[in-house]
Amino acid sequence: MTNPSSQPHFAKRWLQLLFTALKHELRQRLRQPSQLLHPIGFAVLVALLFGFAVGPQPEKLSLVAPAALFIALLLANFLSMELLFASDFEDGTLDALAASGRELVPLLYGKALAFWLAQGLSLLLALPLLMILLKLSAALAPTLIFTFVMVSLGLSFLGLIGSALTVRLRAGAMLLMLLILPQAVPLLIFSLGAINAAQLGESNAAPLLYLSAITLALFVLAPLAAKGVLSQEIND
């Protein structure tokens, strides 16, 4: 029977591991500013290409602008998603963690949250520029910010699973994309549904609730799934 007095100690140790991993991963990413700037540049390039392809007519661009925005977000996230575990696998960190018996789940949370803070929020800072390029109304800003945060957070945790599955592959970017894209479709459907409803002046509460529920499910389940995959990869 579990001793109730040990539960606060376990929770404290779990949170310490999470914040230690989070700080370590953020320091690693901030040492390489290119990892923050490349996704922004890529997203801006995608937005520009969509604008040129559709033309300057606002009525035409408004039909595809939300989809273009989230395609840019999705593709920009793939630029460094495959690197989530690459360095840890190559330098033996994953093997050392397995041998030490330390809990992997809080470390995985720290890694995913660091990826989201460094990449997802840097893309969020570029959102005003993307809205200007795609001629999106400023009235959509609250909906766009919320959906942008939810989708980028969900993609970060999906990336845990995909990166864990492809950790042994040297050129796993394409396989990672094939694994993540089908799982990301619900995020895109409900985010675009919320934005389209806002454009039409209708209530978008339902798609926002579904989007939040999917993101919450990924937040809870993805680290557990990634732990199982990594444990199998390490033992092999």
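Within each chain, residues carry numbers counting from 1 in the order of the written sequence. Side-chain atom pairs in this predicted model are given and counted only at pLDDT of 80 or more, local residue features only at pLDDT of at least 70, and totals for whole chains, interfaces and linings cover all residues. Note that water and hydrogens are dropped before the side-chain values are worked out from all heavy atoms of the structure.

A. View of the overall build of the protein. On a plain count of helices and strands, the protein comes out with 10 helices and zero strands. Start at the N end of the protein and walk to the C end: the helices and strands fall as α-α-α-α-α-α-α-α-α-α. Here the protein, with 236 residues, has 44% of them falling under the buried criterion. Across the protein, every contact between residues at least 6 apart in sequence was considered, and the portion connecting residues at least 24 apart equals 82%. Total accessible area on the protein stands at roughly 12000 Å², and carbon and sulfur atoms take up 69% of it. The secondary structure listing takes helices from DSSP runs of H or I that are at least 4 residues long and strands from runs of E that are at least 2 residues long, numbered from the N terminus. Burial classification: accessible surface area is computed with a 1.4 Å probe over protein chains only, and a residue below 20% of its type maximum counts as buried, one above 50% as exposed, and the rest as partly exposed. Contacts are assigned to residue pairs that have any heavy atoms within 4.5 Å of one another. Accessible areas in this description were obtained via Shrake-Rupley with a 1.4 Å probe; residue shielding takes into account the shown protein chains only.

B. Broad picture of helix α3 (residues 58-81). In this scheme, a helix's expected span is set at 1.5 Å multiplied by one less than its residue total. Over its 24 residues, α3 runs 34 Å from end to end, which matches the ideal 34 Å to within 8%, given 1.5 Å per residue. Two axes enter the definition of the bend at a residue: one is fitted to the seven residues ending there, the other to the seven starting there, and the bend is the angle between them. At Val64, α3 shows its largest kink, close to 45°, and the proline Pro66 lies no more than four residues downstream.

C. Layout of unusual backbone geometry. Of note in this structure, Lys135 is not a glycine but carries a positive phi near 55°. Residue placement: Lys135 occurs in the loop between α7 (127-133) and α8 (141-165).

D. Broad picture of the pattern of salt bridges. For salt bridges, the criterion is a side-chain nitrogen of Lys or Arg within 4 Å of an Asp or Glu carboxyl oxygen. Enumeration over the complete set of coordinates arrives at one salt bridge. Lys111 is the salt-bridge partner of Glu25, the closest N and O atoms lying 2.7 Å from each other. Note that Glu25 is positioned in helix α1 (residues 6-30) and Lys111 in helix α6 (residues 104-125), a separation of 86 residues in sequence. Across the pair, Lys111 and Glu25 agree in class, each one buried.

E. The packing of aromatic side chains, seen in detail. When the centres of two rings from Phe, Tyr and Trp lie within 6.5 Å, Trp using its six-membered ring, the rings pair. Their planes under 30 degrees apart give stacked, over 60 give edge-to-face, and anything left gives tilted. With the rule as written, the count across this model stands at six aromatic pairs. Arranged with centres 6.0 Å apart and planes meeting at 55°, the rings of Phe70 and Phe148 form a pair that is tilted. With a gap of 78 residues between them, Phe70 in helix α3 and Phe148 in helix α8 connect regions that are remote in the sequence. Across the pair, Phe148 and Phe70 agree in class, each one buried. Of the aromatic side chains, those joined through ring pairs into one cluster are Trp14, Tyr109, Phe157 and Phe219.

F. Structural view of the environment of Val229. Turning to its location among the elements, Val229 is positioned in helix α10 (residues 205-235). Those residues in contact with Val229 that sit more than four places away from it in its chain are Ala164 and Leu165.

G. Region of the structure containing the side chain of Thr143. The topology assignment puts Thr143 in helix α8. For Thr143, the residues in contact, after removing those within four places along its chain, are Ala194, Ile195, Ala198 and Asn204.

H. Expanded view of the confidence of the model for the protein. pLDDT measures the predictor's confidence residue by residue and takes values from 0 up to 100. Looking at the protein, pLDDT values average 83 and 88% of them are 70 or higher. Here helix α5 (residues 93-100) stands out as the element of the protein with the lowest mean pLDDT, 66, in contrast to α8, whose mean of 91 is the highest.

I. Here's a closer look at helix α2 (residues 34-54). Between the first and last C-alpha of α2 there are 30 Å, a value that for 21 residues agrees with the 30 Å anticipated at 1.5 Å per step. Looking at α2, one finds that the buried residues are Gln35, Leu36, Pro39, Ala43, Val44, Val46, Ala47 and Gly51.

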